[in-house]
Amino acid sequence: MPNQRLRIGQLTTALADGDRRFRLAVEGLELAPGAVLAVTGASGSGKTLFLELLGLLRAPEAGGDYALLDAAGREVTNLGALWARGARSSALAATRGGVFGFVPQSGALIPFLSVVQNVALTQRVTGREDAGRVHLLLDRLGLTAVKGLRPDALSIGQRQRVSIARALAHRPAFVIADEPTAALDQDAAETVMALLIETATIEGVGVILSSHDVDRLDRLALPRLHFVSQMVGPGEIFSTAEMQAC
Amino acid sequence: MLTVTLALRDLFRDRLFLLCNIAVLAGVLVPLLILLGVKNGVYEALIGQLLSNPATLQIDTQGNAELTEAEIAPLRDWPDIAFLTPRTRSQFDYVNLYAPSEGGAALREALLLPTGPGDPNLPPGMVLAEDEIALSPLLARQMHLTEGDVIELVTQAETRPKQLRLPVTVRHILPETVATGRSVMADFAVLDRVEAFYDNYALPEYGVTEGRPLAERQPRFEGLRVYARSLEGLGPVQERLEAELGIGTSARTREVAAVLGLGRNLDLALGLTSALATTGLAAALLFGFWSDAMRKRGVLAALGMLGIPPRSLALFPVVQAVITAVLGLALSFALYAGAAAMAARMFAQGLPGEAPVTRLDWPQGTAICAAVLAIVLVAALASAWSALRVDPARTLREGH
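Residues numbered from 1 in each chain as written. Chains lettered and ligands numbered in written order. Predicted model: local features only at pLDDT ≥ 70, side-chain atom pairs only at ≥ 80, totals over all residues.

With respect to the overall build of chain A
Stage number 1. Counting its secondary structure elements, chain A contains 7 helices and 10 strands.
Stage number 2. Looking at chain A as a whole, 45% of its 246 residues qualify as buried. (Helix = DSSP H or I, 4+ residues; strand = E, 2+ residues; numbered from the N terminus. Buried ≥ 20, exposed ≤ 12 C-beta atoms within 10 Å, placed from the backbone.)

Here we look at helix H6 (residues 231–245) of chain B
Residues and elements named next belong to chain B.
Stage number 1. The end-to-end C-alpha separation of H6 is 22 Å, in line with the 21 Å expected for 15 residues at 1.5 Å each.
Stage number 2. Burial in H6 covers these residues: Leu231, Leu234, Val237 and Leu241. With its buried residues spanning 80° around the axis, H6 presents them on a single face. With respect to the buried face of H6, the exposed residues turned more than 90 degrees away are Glu232, Glu239, Ala243 and Glu244.
Stage number 3. On its buried face, H6 is in contact with helix H2 (15–52), strand S1 (58–61), strand S2 (81–87), strand S9 (223–228), strand S10 (249–251) and helix H7 (253–295).
Stage number 4. Directly beyond the C-terminal end of H6, a positive phi value near 70° is found at glycine 246. (Expected span 1.5 Å × (residues − 1). Arc of directions from axis to C-beta. Contact = placed C-beta atoms within 7 Å.)

Here we look at the sheet that holds S2(B)
All names here are of chain B.
Stage number 1. Ordered by their spatial adjacency, 4 strands build an open sheet running S2-S9-S1-S10, and the pairing between neighbours is antiparallel. At either margin of the open sheet sits one strand with a lone partner, and together these are S2 and S10. Neighbour-to-neighbour, the strand axes of this sheet turn through a mean angle of 20°, independent of strand direction.
Stage number 2. Alignment of S1 against S9, held across 3 bridges, turns out to be antiparallel. When the sheet's bridge partners are listed, aspartate 60 is paired in S9 with arginine 225. (Pairing = 2+ DSSP bridges. Axes fitted to C-alpha atoms, helices over the stretch in contact; angles between N-to-C directions.)

Digging into the interface of chain B and chain A
Stage number 1. With 20 residues of chain B in contact, the opposing surface of chain A contributes 24 residues.
Stage number 2. Of all the secondary structure elements, the ones that give two or more residues to the side of chain B that touches chain A are helix H1 (2–13), helix H8 (297–305), helix H9 (310–347) and helix H11 (392–397) of chain B.
Stage number 3. Residue composition of the side of chain B that touches chain A, grouped by class: 12 nonpolar, 3 polar and 5 charged. (Nonpolar A, V, L, I, M, F, W, Y, C, P; charged D, E, K, R; others polar.)

Re the nonpolar core
Stage number 1. A:Val119, A:Ala165, A:Val175 and A:Ile208 are the most contacted members of the largest nonpolar core, which has 110 residues in total.
Stage number 2. Ranked by residue count, the leading element in this core is H9(B), at 10 residues.
Stage number 3. Sequence-distant contacts of A:Val119, defined by excluding residues within four places in its chain, comprise A:Val134, A:Leu137, A:Leu138, A:Val162, A:Ala165, A:Arg166 and A:Ala169. (Core = buried A, V, L, I, M, F, W, Y, C linked by C-beta atoms within 7 Å.)

Some remarks on the confidence of the model for chain B
Stage number 1. The predicted model of chain B averages 88 in pLDDT, with 97% of residues at 70 or higher.
Stage number 2. Both scores are given for the predicted complex: the pTM is 0.74, the ipTM 0.92. (pLDDT = per-residue confidence, 0-100.)

Quick look at the pairing of strand S8 (residues 206–210) of chain A
Residue and element names in this part refer to chain A.
Stage number 1. Within S8, 5 of the 5 residues are buried, leaving the element largely enclosed by the surrounding structure.
Stage number 2. Side chains Gly206, Ile208 and Ser210 project from S8 onto one buried face, and the interleaved Val207 and Leu209 project onto a second face that is buried too.
Stage number 3. In terms of strand pairing, strand S3 (residues 36–41) meets S8 through 4 bridges, oriented parallel. Bridging from a neighbouring strand, valine 39 pairs with serine 210 of S8.
Stage number 4. Remark: the strand S7 (residues 174–178)/helix H6 (residues 186–203)/S8 crossover connection has right-handed handedness. (Right-handed = clockwise from strand over helix to strand, strands pointing away.)

Let's talk about the packing of H8(B) against H9(B)
All names here are of chain B.
Stage number 1. One can describe the packing of H8 onto H9 by two numbers: an axis separation of 10 Å at closest approach and a directional angle of 150°. What the angle tells us is that H8 and H9 run roughly antiparallel. As H8 runs across H9, the sense of the crossing is right-handed. Across the interface between the two elements, Leu300, Leu303 and Gly304 of H8 pack against Pro310, Leu313 and Phe316 of H9. (Parallel < 35°, antiparallel > 145°, perpendicular 65-115°, else oblique. Left-handed = near helix turned anticlockwise from the far one by under 90°.)

Observations concerning the packing of helix H3 (residues 115–126) of chain A against helix H4 (residues 131–140) of chain A
Residues and elements named next belong to chain A.
Stage number 1. Where H3 meets H4, the closest approach of the two axes is 10 Å, and the angle between their N-to-C directions is 130°. Taken as axis vectors, H3 and H4 run oblique relative to one another. Seen along the crossing, H3 lies across H4 with a hand that is right-handed. Of H4, the residues touching H3 (which contributes Val116, Val119, Ala120 and Gln123) are Val134, Leu137 and Leu138.
Stage number 2. Of the residues that constitute the contact of H3 with H4, the class distribution is 6 nonpolar, 1 polar and no charged.

And the structure:
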């Protein structure tokens, strides 16, 4: 699955909550294999919404372009068109699970599975079972000693590392990480971020991560997609993104 | 399969919730099972006691009728009648039994009862020939008779100079439940012969040469002995006999109706109790499973995010509900078995015969299991619907 590219063009999505309406637009973007893209912006600017859109968790509005390309630039899957079969379609779920690995802010680990079972879960879902790879990732992320424990016995930093291992276990093309260091102290955040980028780079997996930690992003010299939102009418917010060089 | 495995892991990790639901199921089911078992046991014991005595289904005509074979013949085709035999005039009901033996001879008077093919007083399939009889156990003991002994039925009419002596073989000794006192059962032809003797007809094959020729005889029957096919059929047959023949009858209809009425009332009470309990159980399970699915939205959202399709996620609560139901049923039947054993020790002596205090048939048990599974599945549909509608993005954003 790695060595695939993501292409976005004029992609929009909207979120309604009571009288409030939030609309987000991304003009154009292409993410190469192994590349790391930081998504930045103030709270409420639409970073998480963009990651949901990217990870096939949020439906795009009609008319945009969102596709998965092979190394030669040929379209492999029209990801936007998958929504035409409905949000509950098996194809959408299968593509989401196969193409992406997720590192949510909360970790979203399965509480009744051990560390090793959590990591292996994405492999079982996608049918790409490889016990050796699970143990390699656990070792690489320093989790071997706790592999038999359940998530509630782990520190927050350990949980995030398990989440990273799980996101990479099934060799996805891209990892989407939503503020993976938000709940961590400085040292733990540094370690987790370094591990995520290092592991993804070694694996040739593209990474899209959101973060408020501009200093760290500066130190890591990551390209950024910066979101800015503005009120465009009563209860209506419009958010756009622009690429910023590192 | 992955969803099933995950659902089971989650279920057994969340033991407290599982135990709560199992306790809810057992709390409702065990009392109902015991009620049903006791109802079956006690009621079946009463019914069994009634049916153990063929006289329960017996209808006897009263008074002196003059029925002809033409009037009786259509009754034999009534589907609710299991057996029917005409009766001769009651003044000829008694005969003497003469049994020669080494130490002398035994002679006893006994009530002569008519029988025929299908008589419920005889073992199934047994038909007495005209030279065979069945004896009451008291008579057999008093005369030291066993099956296969050859004796004579002897009768004497004041108007006739000679006795009628009919040689017969003891074919069967009746059980105590069927015949008390001194009685002998013989084919109706034997009784008809005795009546013909009293009516002064000649029976040359038995040495009675004087009297009118038997060919001139027009048999008339004083009454009938009828057996209904079932307890439920006893009352209707009795009413129909009285209506069509215009004669009075006697039967244990009131006693049978009381037991059947008790059964109906017990069924009604049990039905009402079951309906109320089932409604409560369904509501408890519905809200229990639904709140559990709501509680697990975070897990379901995480699984959805990782690529498990919503339709598979909907299976998650259904699998858990079915396993909960199976465990609840197993516990309920185990507790019922324990309660039944305890009841058998405590109350068995209060019931007639060897009847168990509680009884549950396989079909009843299967129906109960099917009904509980159906209730659980219906209750689980709400949580399945809830699981199907989990939006991973929104749920994870809300921090579940």
